[in-house]
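Close look at the chain arrangement
These are the residues of each chain, in order.
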Amino acid sequence: MSHTPAHILIVEDERAVARGLEYALQNEGFEVVWAQTGRQAIDFAHSEKPDAILLDIRLPDINGFDVCKQLRGAGMRQPILMVTARDEEVDKVLGLELGADDYIVKPYSLREVISRIRAQLRRAYGELSAVQSSRHFVFGDIEIDPERFLVTKGGEPLDLTPTEFRLLTHLVANPGHPLTREGLIEAVWGYDSELGYDRTVDVHMRRLRQKLEDDPANPRWFVTVRGVGYKFQPD
Ligand code: CA
């Protein structure tokens, strides 16, 4: 992505909405592919290898939740931003732990969409190597190799999304320090902290715990700091 424009897959069944997004993104120098159905989204994700995917939930065939699950199941790790129209869907995005990196609620401004996509791209590709030193982290039976983008538990590789990986490395790089949700949003997602992103942090923490903790309900490493946020608690 360093020499070619970032390639964005828009998954949206409403032509007018897709056109608006396409126009705005192309204006910003992105290359855009448009999928009109869930099936097409999965095909294009494989054939076009987009750098990020903007995924509407309400699609005529396979809904966005299932598309997201299938893409992650196929090992795709690029940022996925789910687009939801209703509050219940936000809860579902967060609750189902599909592997999405972020969500945007309709109606959104095109400016917001672009800044979210930029932030995801920056975090996923641009700053990854700069943010993470080549330092290895080892605690318990968990090992993190930032250079190889590899996390193992008991010697078994774990499947983490780029966002989960950044969150994890940010936490372990600050052992013993309580980190606020706002600070995590800025450091990991690259957004200015505003109200409303807390649940994004919480759901990613829940996923990390499920993947890393022996007992996710009683975390040993990634503990909640009441009224603040989270903390990596080494031995
Ligand atoms: Ca739709």
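As shown above, the structure is provided for reference.
Not measured: the values here are computed from a predicted model. (Residues numbered from 1 in each chain as written. Predicted model: local features only at pLDDT ≥ 70, side-chain atom pairs only at ≥ 80, totals over all residues. Heavy atoms only, no water.)

1. Notes on the packing of aromatic side chains
Under the defined criterion, the tally for this structure stands at six aromatic pairs. Feature note: the residues Phe139, Trp221, Phe222 and Phe232 constitute an aromatic cluster, connected by ring pairs. The ring of Trp221 is capped by Arg220, whose NZ or CZ atom sits 4.2 Å from the centre of that ring. (Phe/Tyr/Trp six-rings, centres within 6.5 Å; stacked < 30°, edge-to-face > 60°. Lys NZ or Arg CZ within 6 Å of the ring centre and 35° of its normal.)

2. Remarks on the pattern of salt bridges
This model, assessed by the stated rule, comprises 14 salt bridges. Arg77 serves as the salt-bridge partner of Asp159, at 3.2 Å between the closest nitrogen and oxygen. Taken together, the positions of Asp159 in the loop between β9 (156–157) and α7 (162–172) and Arg77 in the loop between α3 (64–73) and β4 (80–84) put the pair 82 residues apart, joining distant regions of the chain. The exposure class of Arg77 is partly exposed, given its relative accessible area of 29%. Ionic pairing is found between Glu164 and Lys211, a salt bridge with its closest N-O pair at 2.7 Å. Of the two residues, Glu164 sits in helix α7 while Lys211 sits in helix α9 (residues 198–212), which places them 47 residues apart along the sequence. Where salt bridges share partners, they join Glu12, Asp56 and Lys106 into one cluster. (Salt bridge = Lys/Arg side-chain N within 4 Å of Asp/Glu carboxyl O. Helix = DSSP H or I, 4+ residues; strand = E, 2+ residues; numbered from the N terminus. Buried < 20%, exposed > 50% of the residue type's maximum accessible area, 1.4 Å probe, protein only.)

3. Some thoughts on the coordination of the calcium ion
Protein-derived ligands of the calcium ion are Asp13 (OD), Asp56 (OD) and Arg58 (O), with the metal-ligand distances lying across 2.1 to 2.4 Å. In primary-sequence terms, the residues that donate to the calcium ion follow D-x42-D-x1-R. Here Asp56 falls in the buried class, since its relative accessible area comes to 4%. (Donors = N, O, S within 2.8 Å, 3.2 Å for Na, K, Ca; no water.)

4. Topic: helix α8 (residues 181–189)
When α8 is considered as a whole, its buried residues turn out to be Arg181, Leu184, Ile185, Val188 and Trp189. When α8 is viewed along its axis, its buried side chains cluster within an angular range of 105° and face the same direction. (Arc of directions from axis to C-beta.)

5. Focus: the sheet that holds strand β2 (residues 31–35)
Across the sheet, which stays open at both edges, the five strands sit in the order β2-β1-β3-β4-β5 with parallel pairing between neighbours. Of all strands in the sheet, those bounded by a partner on one side alone are β2 and β5 (102–105). The sheet shows a mean angle of 20° between the axes of neighbouring strands, taken without regard to direction. Of the strands in this sheet, β1 (7–11), β2 and β3 (52–56) touch helix α1 (residues 15–27), which is tilted by about 170° from β2. (Pairing = 2+ DSSP bridges. Axes fitted to C-alpha atoms, helices over the stretch in contact; angles between N-to-C directions. Contact = heavy atoms within 4.5 Å.)

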